[in-house]
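Listed below are the residues making up each chain.
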Amino acid sequence: MLVAFASSDGKTIDSHFASSPSFEMYKFTDEPQEIIHTSLAAEDMEESEDKVDVRIKMLKKCAIVYCTQIGGPAAARLVQSGIHPLKVLEGTNIDDELDRLNKLLQSKKLPPWLMKKLGKSARAEAVTSIKFF
């Protein structure tokens, strides 16, 4: 599962989706305690008039995108692209959100949208094998 965070400093979620200068992306592997991290800066996004479209294309493999704000039409376009937007308070620590998501996965009380993202058969495996540290 790939998760992205709108961030200008690489440590906190502090940006609006459409104007974020960069995204911190985390790919969760099947190996316990292993996570792959990468950053994509605005210059990597081939800025155009439609900032939302550029970001959706860049984040197309993500399951979740965290940001501080997102407009209704942009949120709808993300959902139509199979990406679930989550708004959090500005300054929220990325590591704290990763930990929160890990606890949610381990709780086995997943919200319907996350169960759908993981797939019915992948749900049990993901809860036991995906670790965030």
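Look a little higher up for the structure.
Residues numbered from 1 in each chain as written. Predicted model: local features only at pLDDT ≥ 70, side-chain atom pairs only at ≥ 80, totals over all residues. Heavy atoms only, no water.

(A) Layout of the pattern of salt bridges. Following the criterion strictly, the structure yields five salt bridges and no others. One salt bridge connects Asp 53 with Lys 57, and the closest N-O pair in it is separated by 3.2 Å. Of this pair, Asp 53 and Lys 57 both sit in helix H1 (residues 51-58), four residues apart, which is roughly one turn of that helix. Note on Lys 57: relative accessible area 54%, which makes it exposed. Among the ionic pairs, Asp 99 bridges to Lys 103, the shortest N-O distance being 3.2 Å. Of the two residues, Asp 99 and Lys 103 both sit in helix H3 (residues 94-107), four residues apart, roughly one turn of that helix. Taking relative accessible area as the criterion, Asp 99 reaches 32% and is therefore assigned partly exposed. The network of salt bridges with common partners includes Asp 50, Asp 53, Lys 57 and Arg 77. (Salt bridge = Lys/Arg side-chain N within 4 Å of Asp/Glu carboxyl O. Helix = DSSP H or I, 4+ residues; strand = E, 2+ residues; numbered from the N terminus. Buried < 20%, exposed > 50% of the residue type's maximum accessible area, 1.4 Å probe, protein only.)

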